[in-house]
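# Structural overview for review
Listed below are the residues making up each chain.
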Amino acid sequence: MGKESHQDDRFSRMMFGDRRESIRGSHHRDTDNNSSSLDIESIIENISKLRDSSQNLKPLFQMVYPFVQGFLNKK
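Residues numbered from 1 in each chain as written. Predicted model: local features only at pLDDT ≥ 70, side-chain atom pairs only at ≥ 80, totals over all residues. Heavy atoms only, no water.

Turning next to the overall build of the chain. Of the regular secondary structure elements, the chain holds four helices and zero strands. Looking at the chain as a whole, 4% of its 75 residues are labelled buried. Accessible surface, the chain as shown: approximately 7200 Å² in total, 58% of it carbon and sulfur. (Helix = DSSP H or I, 4+ residues; strand = E, 2+ residues; numbered from the N terminus. Buried < 20%, exposed > 50% of the residue type's maximum accessible area, 1.4 Å probe, protein only. Areas by Shrake-Rupley, 256 points an atom, 1.4 Å probe, with all protein chains shown as cover.)

Together, Leu60, Met63, Val64, Val68, Phe71 and Leu72 give the surface a local cluster of nonpolar side chains, amounting to about 560 Å² of exposed area. Take Leu60: it is sitting in helix α4 (residues 40-74). (Patch = residues over 30% accessible without salt bridge, like charges linked within 9 Å, V, L, I, M, F, W, Y side chains within 5 Å. Salt bridge = Lys/Arg side-chain N within 4 Å of Asp/Glu carboxyl O.)

Moving on: the pattern of salt bridges. Considering all chains together, one arrives at two salt bridges under this definition. When the shortest N-O distance is used, the salt bridge between Lys49 and Glu45 registers 3.5 Å. Here Lys49 pairs with Glu45, and both are found in helix α4, just four residues apart, close to one helical turn. Judged by its relative accessible area of 34%, Lys49 falls in the partly exposed class. Notably, a salt bridge pairs Arg51 with Asp52, separated by 3.6 Å at the nearest N-O pair. With relative accessibility at 36%, the residue Asp52 sits in the partly exposed group.

This prediction gives the chain a mean pLDDT of 76; 64% of its residues lie at or above 70. When pLDDT is averaged over each element of the chain, α4 comes out on top at 91 and helix α1 (residues 3-7) at the bottom at 49. (pLDDT = per-residue confidence, 0-100.)

On to α4, then. The end-to-end C-alpha separation of α4 is 48 Å, in line with the 51 Å expected for 35 residues at 1.5 Å each. Of all the bends in α4, the largest measures some 35° and sits at Val64, one to four residues before the proline Pro66. (Expected span 1.5 Å × (residues − 1). Bend = angle between axes of the 7 residues up to and from the residue.)

Here is the structure:
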């Protein structure tokens, strides 16, 4: 696996975010002088990322759920 394939890995993007977006986002926050105000754009972007991440995890939960149910039923 080369460095390029690691950056394009879906799991890495899901867990650590897109590096380009985080760099761009940090520059945007640095330029904002009023730190007491809410950055609505950033909040909406984070909500969108959480929603996308939950949609990506849904198939995993569907695969693991029967194993968890089997384990709980053995008790």
